[in-house]
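Residue-level listing of the chains:
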Amino acid sequence: MEGWSNIIRMLSTKYSWAWFPVVIFMIISSFVLLNLVIAVLCEALSAIKKMEDAEKDTTTKKRVDEENQLMISNIEMMIEDAKTNEVLTRRIVSNIQGDMTNTTEAVHKLTLQMDDMQKALVGIFELQVQMARELQVRSNEKAPQHRE
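What counts, and where the lines are drawn
- Residue positions are given per chain, counting from 1 as you read along its sequence in written order.
- With the structure being a predicted model, the display of local features is reserved for residues of pLDDT at least 70 and the display and counting of side-chain atom pairs for 80 or more, all residues being used for whole-chain, interface and lining totals.
- To get the side-chain values, all heavy atoms of the structure are used, and hydrogens and water are removed first.
- To qualify as a helix, a DSSP run of H or I must reach at least 4 residues; to qualify as a strand, a run of E must reach at least 2; elements of each kind are numbered from the N terminus.
- Radius of gyration: C-alpha atoms only; globule rule: 2.2 Å multiplied by the number of residues to the exponent 0.38.
- Burial here depends on accessible area, computed with a 1.4 Å probe over protein chains only, as a share of the maximum for the residue type. Under 20% is buried, over 50% is exposed, and the range in between is partly exposed.
- Where accessible areas are quoted, they stem from the Shrake-Rupley method and a 1.4 Å probe; at the residue level, only the protein chains shown are allowed to cover.
- Counting rule applied: Lys, Arg positive; Asp, Glu negative; His and chain ends not counted.
- Lysine's charge is taken at NZ, arginine's at CZ, aspartate's at CG and glutamate's at CD.
- Distance thresholds for patches are 9 Å for like charges and 5 Å for nonpolar side chains (Val, Leu, Ile, Met, Phe, Trp, Tyr), applied to residues having over 30% relative accessible area and no salt bridge.
- A pairing counts as a salt bridge when a side-chain nitrogen of Lys or Arg comes within 4 Å of a carboxyl oxygen of Asp or Glu.
- Two aromatic rings from Phe, Tyr or Trp, using only the six-membered ring of Trp, form a pair when their centres are within 6.5 Å; if the ring planes differ by under 30 degrees the pair is stacked, by over 60 it is edge-to-face, and anything between is tilted.

What follows deals with the overall build of the chain. Scanning the chain from terminus to terminus reveals two helices and zero strands. Whereas a compact globule of 148 residues would reach a radius of gyration of roughly 15 Å, the chain reaches 60 Å, over 25% beyond that. By principal-axis analysis of the C-alpha atoms, the chain measures approximately 200 × 30 × 10 Å. Across the 148 residues that make up the chain, the buried fraction comes to 2%. Summing over all exposed atoms, the chain offers an accessible surface of approximately 14,100 Å²; the carbon and sulfur share of this is 65%. Charged side chains in the chain number 17 positive and 21 negative. The centres of these two groups are separated by 3 Å.

Together, W19, F20, V23, I24, I27, I28, F31, V32, L33, L36, V37 and L41 give the surface a local cluster of nonpolar side chains, amounting to about 1,200 Å² of exposed area. Relative to the assigned elements, I27 resides in helix 2 (residues 19-142).

A few words now on the packing of aromatic side chains. Enumeration according to the criterion identifies two aromatic pairs in this entry. Considering the side-chain rings of W19 and F20, the 5.9 Å spacing of their centres and the 90° angle between planes classify their relative orientation as edge-to-face. The exposure class assigned to W19 is partly exposed, which follows from its relative accessible area of 44%.

Taken as a whole and assessed by the stated rule, the structure comprises three salt bridges. For the salt bridge of R90 with E86, the shortest nitrogen-to-oxygen distance reads 2.7 Å. With R90 and E86 both in helix 2 and four residues apart, this pair spans about one turn of that helix. The exposure class assigned to E86 is partly exposed, which follows from its relative accessible area of 37%.

Turning next to the environment of G98. With respect to the secondary-structure elements, G98 resides in helix 2. When its relative accessible area of 28% is taken as the criterion, G98 is described as partly exposed. Sequence-wise, G98 and S12 are 86 residues apart; in three dimensions their C-alpha atoms are separated by 122 Å.

See below:
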């Protein structure tokens, strides 16, 4: 820009409007240069923003992956607990069924024993009744008879 002032002075002596194109050229050149600087700055800021976003995405993805892994491990533990509970429940049900079978058998045996005891008691009562009748018959035979 140093040499332009001499050139403009020489041209303006011959042409009075010669300064106008040079000034317009300088304004447009300055505007273009300013736009290039701004474009470089914007590009740099955009690249920094993309890097930060990528870093955030990576951090977010890691956090989400960790949370997902934690949920998966919790679900696996719940499944194992459910399997354990199922096994325990089956054992309890099996024990209860066995106890019920044993109880049913014991009740059946007790019922048979009660039937036998009832038959025995009936037999004893029949013997007592028979013995009582025999005693009555004997006592009637031994008692003196009144004759009229």
